[in-house]
Amino acid sequence: MLRIVADDKIPFLHGVLDRFAEVRYMPGSKIAREHLSDADALIIRTRTKCTPGLLEGTGVKFIGTATIGFDHIDTHYCESRNIKWVNAPGCNSWSVQQYVAAALLNISAEFRLGLKEKTIGIVGVGNVGSKVEKFAALLGMNVILNDPPRQRKEGGAGFSDLESLLRESDFITMHVPLNFVGEDKTFHMINDKTLKKVRKGTWFINSSRGEVAETGALISALKSGRLAGAVIDVWENEPDLDLSLMHKAFIATPHIAGYSTDGKANGTAVIVNRLAEFFGLPLSNWYPDALPEPEEPVITIDCRDKSGEQIVREAVKHTYDIMEDDMRLRFAPSDFEKLRGDYPVRREFGAFKVHLISPPGGMKDLLQSLGFGMQQ
């Protein structure tokens, strides 16, 4: 019989594969080599490090990570041992867009900046970065894009070098994979040297990987005022985050930018279907039966005497109040993993309908372009 070891915090997974396999559910960080001696497959998140030390001498033939990133998998080792590995690219990209939108709108409201005509530099323009680009453009922001792999493939038009982006941006947001070596190395790409090129008073947002930015350099840039502020969702040495950086950040959250219920369902579905295909299980195009509905699926906004940005902010905050995540982490930073494991239901824009009272021209189209439904 097929034997599977699975992270017990992967949502919607329990009971799906148990009809076809013996499934052992465990905390992802506790999965060890002895648990895999007779396992055929491993279903994980980022907390399970798939190294030779974990995999050598086991029967694992398939590894599925229900995440966008895969830097926790030694892919070269897996390929050399004919172990199939798969990730779920783009599964939570709308969730991260929601997170960045909430962060930008909170900064704008708190510091009375106004996002229109401000410049946002997006480093990494893949599944996530391209959705952040769309949101920013819809709000009238100027967008600078940096993505060397795409630039090599598509040509230079539309892309900027990193130095120009750092120099010209009011906001910098990171959406790159973690690469430790090579032409597209991203480990500590944000450091003392690169931060010296940033315009004084710029905002920094990181929801990619903590190791992309050097912690000490961020703290120094925040202390000196080189950075006006930071939004940090990902941390070096997670779950042991740097408390100094947490205290300096305007918004600090426990690696949950991509944790919408929709994004989790998407990630689980990708891995279940790829595993079923690999082992020939009779599952096809599986998806969770029903996602939990939002408590208040209709958003009513009286648009009178409100700017377009204020209306969008009200709609976004109804779907997701980022400051609640910030408060939970600051209250108990040692509960980092628990905050992730017990994360509440968060639905994306598409799960909501907006009812506008006296809307300005074009507002319905803008909200629909962001993914909201409209209630007449």
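Described below are features of the structure shown in this document.

### Details of the sheet that holds strand 14 (residues 373–374)
Phase 1 of the analysis: Reading across from one edge, 12-13-14 is the order of the three strands in this open sheet, with parallel pairing throughout. Whereas interior strands pair on both sides, the edge strands pair on one side only; in this sheet they are strand 12 (298–302) and strand 14.
Phase 2 of the analysis: Relative to strand 13 (residues 353–357), strand 12 is paired through five bridges, and the arrangement is parallel. Each bridged residue has a counterpart across the sheet, and for Ile 301 the counterpart in strand 13 is Leu 356.

### Quick word on the packing of aromatic side chains
Phase 1 of the analysis: This structure, assessed with the given rule, holds eleven aromatic pairs.
Phase 2 of the analysis: A centroid spacing of 5.2 Å and a plane angle of 70° characterise the contact between Phe 111 and Phe 250, whose relative ring orientation is edge-to-face. Here the residue Phe 111 occupies a position in helix 3 (residues 93–111), and Phe 250 occupies one in the loop between helix 9 (243–248) and strand 11 (251–252), the gap between them amounting to 139 residues.
Phase 3 of the analysis: According to the relative accessible area criterion, Phe 111 is partly exposed, its value standing at 40%.
Phase 4 of the analysis: Taken together through their ring pairs, the aromatic side chains of Phe 62, Phe 278 and Phe 279 make up a single cluster.
Phase 5 of the analysis: The side chain of Lys 131 reaches across the aromatic face of Trp 94, ending 4.8 Å from its centre.
Phase 6 of the analysis: Sitting over the ring of Tyr 320, Arg 346 keeps its end group 4.1 Å from the ring centre.

### Looking at the layout of surface pockets
Phase 1 of the analysis: For the second largest pocket, the calculated volume is near 470 Å³.
Phase 2 of the analysis: As for the second largest pocket, its lining consists of 19 residues, and the residues nearest its centre are His 318, Thr 319, Glu 324, Val 345 and Arg 346.
Phase 3 of the analysis: Of all the secondary-structure elements, those providing two or more residues to the lining of the second largest pocket are helix 11 (308–319) and helix 12 (322–331).
Phase 4 of the analysis: For the lining of the second largest pocket, the residue count by class is seven nonpolar, two polar and ten charged.

Criteria and cut-off values
- Residues numbered from 1 in each chain as written.
- Predicted model: local features only at pLDDT ≥ 70, side-chain atom pairs only at ≥ 80, totals over all residues.
- Heavy atoms only, no water.
- Pairing = 2+ DSSP bridges.
- Helix = DSSP H or I, 4+ residues; strand = E, 2+ residues; numbered from the N terminus.
- Phe/Tyr/Trp six-rings, centres within 6.5 Å; stacked < 30°, edge-to-face > 60°.
- Buried < 20%, exposed > 50% of the residue type's maximum accessible area, 1.4 Å probe, protein only.
- Lys NZ or Arg CZ within 6 Å of the ring centre and 35° of its normal.
- 1 Å grid on protein atoms, 1.4 Å probe; cavity = no way out; pocket = protein on both sides within 12 Å on 5 of 7 lines; lining within 4 Å.
- Points joined across faces, edges and corners; volume = space filled by probe spheres on them.
- Nonpolar A, V, L, I, M, F, W, Y, C, P; charged D, E, K, R; others polar.

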